[in-house]
Amino acid sequence: MHIANRVIVTLIALILSTTPVFAHDYKAGDLEIRHPWSKAMNPGAKTGGGFMTITNHGTEPDRLIKISSDVADLIQVHEMKVDNGMMTMGEVPGGLEIAPGATVELTPGAIHVMFMSVKQPFKEGEKIKAVLTFEKAGDVEVEFKVEPANKGDDGHDMKNMKM
């Protein structure tokens, strides 16, 4: 292969490694982020959830350590679980690890992104721009597609939840 062709192929590979794989999937290093989405929020609501699937195709673990966006004052990865019969929710300490060869699903009622002090409630059809920061893969710009408010409802009663 001619040296100029190798340079072009290398440049194309580098560009593709940090851009969407499909219309709503993203790749950074060994990580694949599939379909980031959020639910439409009620007027006046100040918190919203974000969901996606992250797969680590590499041989080393990586960790989601930060999420940033202009749409909320604070964004964290939260985990919901039952502790002594009480539903609890709180930040995943130290960030969310994605083990080598593993897929981690962020879903309603389990591990999820928590947008807090949201400036404007999310409306169905909008796209929420955010940056996911991974320990090894670095920053990945994504868009959370805002879907219907009832998508992914899991029947959890939130009134007894402790944060």
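Source: prediction; values computed, not measured.

Student: Got a sec to walk through the packing of aromatic side chains? Specific residues and values, please.
Tutor: In this structure the tally under the stated criterion is 3 aromatic pairs. An angle of 40° between the planes, with centres 4.6 Å apart, marks the rings of W37 and F51 as tilted. Remark: F51 occurs in strand β3 (residues 47-56) and W37 occurs in strand β2 (residues 31-39); sequence separation between them is 14 residues. Note on accessibility: W37 and F51 belong to one class, buried.

Student: For the pattern of salt bridges, give the residues involved together with the corresponding values.
Tutor: Enumeration over the complete set of coordinates arrives at 3 salt bridges. Here R34 and E32 are joined by a salt bridge, their closest N and O atoms 3.8 Å apart. On the basis of relative accessibility, which here comes to 27%, the residue R34 falls in the partly exposed class. Two residues, D73 and K119, come together in a salt bridge whose shortest N-O distance is 3.9 Å. Residue D73 is located in strand β5 (residues 72-83), and its partner K119 is located in the loop between β9 (112-118) and β10 (127-134); the two are separated by 46 residues in the primary sequence. Accessibility expressed as a relative area gives 58% for D73, which makes it exposed.

What counts as what
- Residues numbered from 1 in each chain as written.
- Predicted model: local features only at pLDDT ≥ 70, side-chain atom pairs only at ≥ 80, totals over all residues.
- Heavy atoms only, no water.
- Phe/Tyr/Trp six-rings, centres within 6.5 Å; stacked < 30°, edge-to-face > 60°.
- Helix = DSSP H or I, 4+ residues; strand = E, 2+ residues; numbered from the N terminus.
- Buried < 20%, exposed > 50% of the residue type's maximum accessible area, 1.4 Å probe, protein only.
- Salt bridge = Lys/Arg side-chain N within 4 Å of Asp/Glu carboxyl O.

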